[in-house]
Amino acid sequence: MWNVKVDDYGLSEDDMYFVTYRISNLDEDSLNFLVNNLEGETVVEDEDLLLNIFYSKKFFPFGSDDAKFRMEDFIKREEIEMTYFISSFLEDM
């Protein structure tokens, strides 16, 4: 079964907020489908898909004061939400 982890997040050199998701254990067809159809920056690294999503400061999931005190909870929530999104996306395959 594939899984999603937040690999990195923060402010880029271009002053854009970003979250990089690592999607692991994808079969070859799913990996190719996601690379060819997802919006956002994608890179394949060691058979994992790295998906980089950019956000404005207003929508950055880790930018709130609450996130600073409960970062682990916010990271887990992002992983769950992206898992749901990818799952729904793969249904269209």
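Our subject is the structure listed above.
Let me sum up the structure you'll find in this document. As the structure is a computational prediction, the values presented were derived from the model and not from experiment. (Residues numbered from 1 in each chain as written. Predicted model: local features only at pLDDT ≥ 70, side-chain atom pairs only at ≥ 80, totals over all residues. Heavy atoms only, no water.)

**Notes on the pairing of strand S3 (residues 41–45)**
With 5 bridges joining them, S3 and strand S4 (residues 48–55) adopt antiparallel strand pairing. Each residue of the ladder has a partner; that of Val43, found in S4, is Leu50. With antiparallel pairing between neighbouring strands as the criterion, S3 and S4 make up a hairpin whose turn holds 2 residues, including Asp46 at a positive phi of roughly 50°. (Pairing = 2+ DSSP bridges. Helix = DSSP H or I, 4+ residues; strand = E, 2+ residues; numbered from the N terminus.)

**Side note on helix H3 (residues 71–91)**
Given a rise of 1.5 Å per residue, 21 residues ought to cover 30 Å, and the 30 Å separating the end C-alpha atoms of H3 matches this to within 8%. Residues of H3 that are buried: Phe74, Ile75, Glu78, Glu79, Met82, Ile86, Phe89 and Leu90. All buried residues of H3 fall inside an arc of 140° around its axis, so they share one side. Facing away from the buried side of H3 by over 90 degrees, the exposed positions are Ile80, Tyr84 and Glu91. Considering only its buried residues, H3 is in contact with strand S1 (3–11), strand S2 (17–24), helix H1 (28–37), S4 and helix H2 (65–69). (Expected span 1.5 Å × (residues − 1). Buried < 20%, exposed > 50% of the residue type's maximum accessible area, 1.4 Å probe, protein only. Arc of directions from axis to C-beta. Contact = heavy atoms within 4.5 Å.)

**Concerning the packing of aromatic side chains**
Evaluation of the coordinates by the stated rule reveals 6 aromatic pairs. Taken together, a centroid distance of 4.9 Å and an interplanar angle of 40° make the contact between Tyr17 and Phe60 tilted. Here Phe60 lies in the loop between S4 and H2 and Tyr17 lies in strand S2, a separation of 43 residues in the sequence. Taking the relative accessible area as the measure of exposure, Phe60 reaches 10% and is therefore buried. (Phe/Tyr/Trp six-rings, centres within 6.5 Å; stacked < 30°, edge-to-face > 60°.)

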